[in-house]
Amino acid sequence: MRVLIVSAPLQGHLLPLLPLAFAWRDAGHDVLLASGGDALSVDLGGLAAYDVAPGFAFGRIAVRVMLRHPLLARRELAGRGGTAVVGELFGAANAVFVDAVVALAERERPDLIVYEPLGVAGAVAAERLGVPAVLQENNLFPGPGLVAAVAASTPMARHPIGRPVAVITVSPPSLTGPRPGLPMRAVPYSGGGQVPEWLLSTGDRPRIVVSRSTVAGPGGGDPTAVIIAAAPAVDAEIVLVRPPGRLPRLLPGNVRTVGRVPLDRVLPYAAGYVHHGGAGSVLGGLAAGVPQLVVPGSGDRRHNAEAVERRGAGLAAEARSITPEVLNRLVSDAALRDAAGEVRDEMAAMPAPSDVVLRLVARWT
């Protein structure tokens, strides 16, 4: 089969799709990626990729949409907007590259199009060509609801969007509840990077890994400064991954920094994980069974943080509320560690991407 995989031009949207893309390729199928922006700047594992959004600037799109909807924008920045704003945001984003995706599909003639909930340009192309489409969730919100929100947006309302032949669900049921669809294990993929040897084993003290969003903008909630201030009173080694450019000249003795690293290789040796609340970070931490401290924020980040805390697999705290006591609890609370391990085992029992490929192929052979 010839499979076209479509995502919005953002790393956090494309990276979760790549393990399934690799499974398609490893099963002998021809795989093409359609995305753009910084999503194509990472290691794509040798897959053919097409930039359907040259010069894509999500920040400019977001500013225009927020200015048109100021009241909803305030709710969105607080993480309380639901799908009301995200539909207009990604409706405007998809309008930028939908014609390029359709043109690519018309040229490459895929047998199947896989798209993520906020990359509905893929669904438009499938409808235009009359080929089956599969919706792959890549976050903790129900995918069909996000698709409906984008499809109803002003910029995308004129584009017919058909129903997918299958919906792949990746959320562990104990985290977000059971969902209809084809379940698949969320396999973390960080897009490359070299890992220092010292990160591939446990140290003398518990290790806390701190990462931040790949998307800059308001409501970033970067906890780096607060964590550095708290570090001297924390009984742990703290590793800042891709820290912001401006750091104190002299860091506390228990704080180290690294560049981009594949977190799926690093987190199994960590005792705690602090991050901005993106769905990929949440699922990556859960796959490693590591207790998380999630910083709520805009978009889906508050929803994700609350889901982790509700499950007992971690804590949710605003950046300004992160104290030494919170960080020490993160690495010492056995209940957090046990719950995170339960979700890890739950995810490991879900079908692998290779199993999902076999099931999908069986529908057409």
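Here, the structure is the one placed above.
Since we're looking at a predicted model, the values are computed, not measured.

Some details on the pattern of salt bridges
- Summed over all chains, the structure comprises 12 salt bridges.
- Two residues, D235 and R205, come together in a salt bridge whose shortest N-O distance is 3.5 Å. Here R205 lies in the loop between β7 (182–183) and β8 (207–210) and D235 lies in the loop between α9 (224–230) and β9 (237–241), a separation of 30 residues in the sequence.
- The class of D235 is partly exposed, set by a relative accessible area of 49%.

A short note on the side chain of E237
- By secondary structure assignment, the location of E237 is in strand β9.
- When its relative accessible area of 14% is taken as the criterion, E237 is described as buried.
- A polar atom in the side chain of E237 sits 2.6 Å from the side chain of R207.
- Excluding anything up to four places from it in sequence, E237 contacts W198, R205, P206, R207, I208, N254 and R256.

Structural notes on the packing of aromatic side chains
- Scanning all chains against the criterion turns up 3 aromatic pairs.
- Here the aromatic cluster, defined as three or more aromatic residues joined through ring pairs, consists of F56, F58 and F90.
- Sitting above the plane of the W198 ring, R256 keeps its charged end 3.6 Å from the centroid.

Some details on the pairing of strand β11 (residues 272–275)
- Taking every second residue as pointing to the same face, both faces of β11 are buried, with G272 and V274 on one and Y273 and H275 on the other.
- Here 3 bridges tie β11 to strand β12 (residues 292–294), and the two strands are oriented parallel to one another. What sits directly across from H275, in β12, is V294.
- Regarding topology, helix α11 (residues 279–288) serves as the crossover connection from β11 to the parallel β12, and that connection is right-handed.

What about unusual backbone geometry?
- At R109, a position not held by glycine, the phi torsion is positive, near 50°.
- Secondary-structure assignment places R109 in the loop between α5 (84–108) and β4 (112–115).

A few points about the packing of α11 against helix α14 (residues 334–348)
- Where α11 meets α14, the closest approach of the two axes is 6 Å, and the angle between their N-to-C directions is 95°. Regarding the angle of α11 to α14, the classification is roughly perpendicular. In this structure, α11 contributes L283, L286, A287 and A288 to the contact, and α14 contributes A340, V343, R344 and M347.
- Looking at the contact of α11 with α14, its residues break down into 7 nonpolar, no polar and 1 charged.

Basis of the calculations
Residues numbered from 1 in each chain as written. Predicted model: local features only at pLDDT ≥ 70, side-chain atom pairs only at ≥ 80, totals over all residues. Heavy atoms only, no water. Salt bridge = Lys/Arg side-chain N within 4 Å of Asp/Glu carboxyl O. Helix = DSSP H or I, 4+ residues; strand = E, 2+ residues; numbered from the N terminus. Buried < 20%, exposed > 50% of the residue type's maximum accessible area, 1.4 Å probe, protein only. Polar contact = N/O pair within 3.5 Å; in protein donor to acceptor, adjacent residues only side chain to side chain. Contact = heavy atoms within 4.5 Å. Phe/Tyr/Trp six-rings, centres within 6.5 Å; stacked < 30°, edge-to-face > 60°. Lys NZ or Arg CZ within 6 Å of the ring centre and 35° of its normal. Pairing = 2+ DSSP bridges. Right-handed = clockwise from strand over helix to strand, strands pointing away. Axes fitted to C-alpha atoms, helices over the stretch in contact; angles between N-to-C directions. Parallel < 35°, antiparallel > 145°, perpendicular 65-115°, else oblique. Nonpolar A, V, L, I, M, F, W, Y, C, P; charged D, E, K, R; others polar.

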